[in-house]
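Summary of the model geometry
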Amino acid sequence: MLIVVLTISKTEGKMLSEPETMSRGFTDSDFSELRKKVKQLTTRIVNELQEENRSERKVLKREIKKSIQQHVFNKMKKKPMVVPIIIEI
């Protein structure tokens, strides 16, 4: 399981801090590299959706989950559960 915690502004939809990635039951020798890529993917998705004025939580969660699952499968041939957690402040 990969857990991505994202803190965003409730009014502007901008990220207030970098996404944090945690892993449970999913191990990889290059987890630090995977963590960096997940951070990049998440940041890119948030910025793209914000430009399109589509910063709804449901859409954001779906796009983050889809993108990370696709990347992990392409790189490692594994299908971990991805749980995006969005905290709005």
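Residues numbered from 1 in each chain as written. Predicted model: local features only at pLDDT ≥ 70, side-chain atom pairs only at ≥ 80, totals over all residues. Heavy atoms only, no water.

Points about unusual backbone geometry
- The backbone of K77 shows a phi angle near 60 degrees, a positive value even though the residue is not glycine.
- Secondary-structure assignment places K77 in the loop between α2 (57–76) and β3 (82–88). (Helix = DSSP H or I, 4+ residues; strand = E, 2+ residues; numbered from the N terminus.)

Considerations on the packing of helix α1 (residues 31–51) against α2
- Taken N-terminus to C-terminus, the directions of α1 and α2 make an angle of 145 degrees; their axes are 10 Å apart at the nearest point. Relative to α2, α1 is oriented so that their crossing is right-handed. Contact residues: E33, L34, K37, V38, L41, T42, R44, I45, V46 and L49 in α1; V59, L60, E63, I64, S67, I68, H71, V72, K75 and M76 in α2.
- Its residues assigned to classes, the contact of α1 with α2 shows twelve nonpolar, three polar and five charged. (Axes fitted to C-alpha atoms, helices over the stretch in contact; angles between N-to-C directions. Left-handed = near helix turned anticlockwise from the far one by under 90°. Contact = heavy atoms within 4.5 Å. Nonpolar A, V, L, I, M, F, W, Y, C, P; charged D, E, K, R; others polar.)

Details of the nonpolar core
- Membership of the largest hydrophobic core comes to 19 residues, with the highest contact counts inside it found for L2, L6, L34, L60, I64, I68 and V72.
- Listing elements by their share of this core, those giving two or more residues are β1 (2–8), α1, α2 and β3.
- Of all the elements, α1 adds the most residues to this core, at seven residues.
- In this structure, L60 is in contact with L6, I8, I45, V46, L49 and I86, ignoring residues within four places of it in sequence. (Core = buried A, V, L, I, M, F, W, Y, C linked by side-chain atoms within 4.5 Å. Buried < 20%, exposed > 50% of the residue type's maximum accessible area, 1.4 Å probe, protein only.)

Overview of the pairing of strand β2 (residues 20–23)
- The side-chain alternation of β2 yields one buried face, formed by T21 and S23, and one unburied face, formed by E20 and M22.
- Two elements, β1 and β2, share four bridges in a ladder whose sense is antiparallel. What sits directly across from L2, in β2, is S23. (Pairing = 2+ DSSP bridges.)

Brief notes about the sheet that holds β1
- Read from one edge of the open sheet, three strands run β2-β1-β3, paired in mixed fashion. This sheet does not close on itself; its edge strands, each paired only once, are β2 and β3. For this sheet, the mean angle separating the axes of adjacent strands, direction not counted, is 20 degrees.
- Relative to β3, β1 runs parallel, the two being bridged by seven bridges. Note that in β3 the partner of T7 across the bridge is I87.
- On top of the sheet, α1 reaches β1 and β2; it is set at about 40 degrees to β1, its chief contact.
- This element, α2, spans β1 and β3 of the sheet and lies at about 145 degrees to β3.

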